[in-house]
Amino acid sequence: MKVYPLYLSGEWVTTESSKPVINPATGDPFAEISMIGRDRVEVALEAAHDAFKSWRKLPGKVRGVYLHRIADNLEQRKDEIAKTITLENGKPLQQSHAEVGLAVDHLHWFAEEAKRAYGRIVPNQVEGKRHLVIKSPMGVVGAISPWNFPLVLAVRKVAPALAAGCTVVLKPATQTPLCAVAFAECVHAAELPKGTFQLVAGPAPEIAAEFLENRLCRKITFTGSTEVGRLLISGAAKSVKPLSLELGGHAPAIVFEDADLNRSVDAAMIAKFRNTGQSCIASNRIYVQRGIYDRFLPAFVERTKALNVGDGLEEGVDIGPLIDEAGLNKALEHIQDAVAQGARLNCGGERITGRKGFFIQPAVLSDVPHDALCMREETFAPIAPISVFDTEEEVINLANDTIYGLSAYVFTTNLDRAFRVMESLESGMISINDGVPSTSQCPFGGVKQSGWGRELGLEGMEAFLETRHVSMGLEI
Ligand code: NAD
């Protein structure tokens, strides 16, 4: 089986120790990824520190040219890289294509943003002084990314960090390292100076400990679970290391009785089932107002029954496998728990037997009590819990009754209500009559325990810049 290399200081390094990469559609390994320990990560951070000295001095426009080149290389290899995403993550191929397209767009966006790390000149209060506020790159960045959008979520960190003038050591998720290898190949082909971008893999807690404790690593950017986010926060307390955290979510989708039925069903289907329900912004709880409930529920169930489950490489598949056995068991447990608490299972919910891999039939639960596990914890599966509500106040309280605050969806044709509800929801992103909020130009991130900071948009590069004040005494 092919052992894929890591990318360290401009070199491809295959190690003796390696870990299998599993295709979730079969449960079988199909490749291996090289693994290194903490000592080699330390060397990578040193190389990144050396590279930083010259990378930071390049004009933003020149760094942008490199980023455009990486984007062009990804674009050229889009078919093959999309296939790699599907092989290691399981998502349907057309969604992998969309992921590559989004990654390319992010790279072009930050290539242009590299020119715009603007500071400002502040009017002096006393004579003979001038004050500048300048933006400087933070230094070496340790980036840790998850498996659910394995390419695009890594690019959301690497592209703005490089644009800002930082250098990056990336640790992708253990389950999905191969599209990160493909990304590193695109970086290599774009001829970035050695050490500017490096790819490592190995035991996650060890690598994270090196990022946290090594003084050369000046910033950690992490996307993953709130649980691991908490570990990083406590680790960062010792070194006071700055963290950007994109953590878990539990998005409510609220359908008011004045909503356009077809439009809200369409958007709620995408918000729930994209990426086989394994999205941080997946609508985990669907609240439907009593006046539209009897029409919304059957329409949603009908559409769910029509979803085609299969290997993401097959034609016409809407729902791929879950990432692993543990993900599948959690989904089954959430269904059993909801039913035991009085919910009705309208369709699906059973493991698909007769084929290998981690497949579940997409499910719709109705009348789900607020205390059910699926209404509180991330299910990360194609399971849609639906509940009925009566008043705006009631649904806002239900929607906000969670530790998370990443994303929320509102369906209404009443503009006053849209604004009222939007302003009351405790959420970093709010989609009104829309199921896919992410775009390169706008900030992505959560409030409450969904994280710290924002990716994308103007804020995306700001996360890797330090604001400094320069006070000058002048004889003028
Ligand atoms: P995870 O927290 O298990 O893993 C994320 C990354 O952290 C991986 O690279 C993993 O190897 C690493 N890791 C695991 N244990 C670690 C440790 N002890 N110390 C340091 N690093 C460690 O999350 P996951 O299962 O890969 O991803 C799913 C989670 O990510 C969900 O909670 C989801 O909501 C969240 N997520 C959030 C966003 C967002 O933008 N807010 C986006 C996607 C996913």
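Throughout this description, residue numbers start from 1 for each chain and increase along the sequence as written. It should be noted that, the model being predicted, local features are given only for residues of pLDDT at least 70 and side-chain atom pairs only at 80 or more, the latter also being counted only at that level, while totals for whole chains, interfaces and linings use all residues. Hydrogens and water molecules were not included; the side-chain quantities draw on all heavy atoms of the structure.

Student: How would you summarise the packing of helix α12 (residues 392-400) against helix α13 (residues 415-424) if you had to cite specific residues and measurements?
Tutor: Axis definition: a line fitted to C-alpha atoms, limited for helices to the stretch in contact. Angles are taken between N-to-C directions and run from 0 to 180 degrees. The numbering of helices and of strands both runs from the N terminus, where a helix is a DSSP run of H or I of at least 4 residues and a strand a run of E of at least 2. Interaxial distance between α12 and α13 falls to 10 Å at its minimum, and their mutual angle equals 30°. The way α12 lies across α13 gives a crossing that is right-handed. Listed contacts from α13 to Glu 392, Ile 396 and Asn 400 of α12 are Arg 417, Arg 420, Val 421 and Ser 424. The nonpolar class holds Ala, Val, Leu, Ile, Met, Phe, Trp, Tyr, Cys and Pro. Asp, Glu, Lys and Arg form the charged class, and all remaining residues, Gly among them, are polar. For the contact of α12 with α13, the residue count by class is two nonpolar, two polar and three charged. It is the rotation of the near helix from the far one that decides the hand of a crossing: anticlockwise by less than a right angle makes it left-handed, clockwise makes it right-handed. Any two residues whose heavy atoms approach within 4.5 Å are treated as being in contact.

Student: I'd love a proper account of the nonpolar core, names of residues and values included.
Tutor: Side chains of a nonpolar character, in soluble globular proteins, are inclined to be buried together. Among buried residues, those of type Ala, Val, Leu, Ile, Met, Phe, Trp, Tyr and Cys that are joined through side-chain atoms within 4.5 Å constitute a nonpolar core. Think of it in three bands: with a 1.4 Å probe and only protein chains considered, a residue is buried below 20% of the maximum accessible area for its type, exposed above 50%, and partly exposed in between. With 118 residues, the main nonpolar core has Leu 151, Phe 183, Phe 197 and Phe 300 as its most contacted residues. Looking at which element gives the most residues to this core, the answer is helix α5 (residues 152-164), with ten residues. Every residue in contact with Phe 183, bar those within four places of it in the chain, is listed here: Ile 70, Leu 74, Leu 107, Leu 151, Val 155, Val 158 and Phe 197. One finds Tyr 287, Ala 331, Ile 335 and Leu 365 within the second-largest nonpolar core, a separate group that totals 28 residues.

Student: Help me get a handle on unusual backbone geometry, residues and values and all.
Tutor: Phi is positive for Ser 9, close to 50°, though the residue is something other than glycine. Mapped onto the elements, Ser 9 comes out in the loop between β2 (6-8) and β3 (11-13). One non-glycine residue, Leu 456, lies in the positive phi region at around 65°. In this structure, Leu 456 sits in the loop between β20 (451-452) and α14 (457-462).

Student: I'd like a description of helix α2 (residues 60-76), backed by residues and values.
Tutor: Over its 17 residues, α2 runs 24 Å from end to end, which matches the ideal 24 Å to within 8%, given 1.5 Å per residue. Restricting attention to buried positions, one finds in α2 the residues Gly 60, Arg 63, Gly 64, Tyr 66, Leu 67, Ile 70, Ala 71, Asn 73 and Leu 74. Each element contacted by the buried residues of α2 is listed here: α1 (38-55), α3 (78-89), α4 (93-113), α5 and α6 (178-189). The length a helix should cover is 1.5 Å for every residue beyond the first.

Student: So what's going on with the site of the ligand? Which residues, and what values?
Tutor: Whether a residue is near a molecule or strand depends on its heavy atoms: if one lies within 4 Å, it is near. Surveying the vicinity of the ligand reveals 28 residues, the closest of which are Ser 145, Trp 147, Ser 225, Leu 247 and Glu 378. Here a polar contact means two N or O atoms within 3.5 Å. Within protein one must be a hydrogen donor candidate and the other an acceptor candidate, and residues neighboring in sequence count only if both atoms are side-chain atoms. For the ligand, an oxygen atom lies 2.5 Å from a polar atom in the side chain of Glu 378. Broken down by secondary-structure element, the contributors of at least two residues to the shell around the ligand are α7 (204-213), β11 (217-223) and α8 (226-239). Examining the composition of the shell around the ligand, we find that three residues originate from one element, α7, more than from any other.

Student: Describe the sheet that holds strand β17 (residues 383-389), naming the residues involved and giving the relevant values.
Tutor: Strands are treated as partners if at least two bridges between them are detected by DSSP. One open sheet holds the seven strands; their spatial order is β15-β16-β17-β14-β13-β18-β19, and the pairing between them is mixed. Each edge of the sheet is formed by a strand with only one pairing partner; in this case those strands are β15 (344-347) and β19 (429-432). Averaged over all neighbouring strand pairs, the angle between strand axes comes to 20°, with direction disregarded. The pairing of strand β14 (residues 283-289) with β17 spans four bridges and is parallel. Opposite Gln 289, over in β17, you have Phe 389 as the bridge partner. Its contacts with the sheet put helix α11 (residues 325-340) on β15, β16 (363-366) and β17, and the angle it makes with β16 is roughly 25°.

Student: Quick one: what's the story with a nonpolar patch on the surface, residue by residue and with numbers?
Tutor: Like charges are joined within 9 Å and nonpolar side chains (Val, Leu, Ile, Met, Phe, Trp, Tyr) within 5 Å, but only among residues with over 30% relative accessible area and no salt bridge; these make up the patches. The Shrake-Rupley method, run with a 1.4 Å probe, gives the accessible areas here. Residue values count only the displayed protein chains as cover. Salt bridge, as used here: a side-chain nitrogen of Lys or Arg that lies within 4 Å of a carboxyl oxygen of Asp or Glu. Taken together, Met 472, Leu 474 and Ile 476 make up a surface patch of nonpolar side chains, about 270 Å² in accessible area. By the element assignment, Met 472 lies in strand β21 (residues 465-473). Owing to a relative accessible area of 31%, Met 472 belongs among the partly exposed residues under this scheme.

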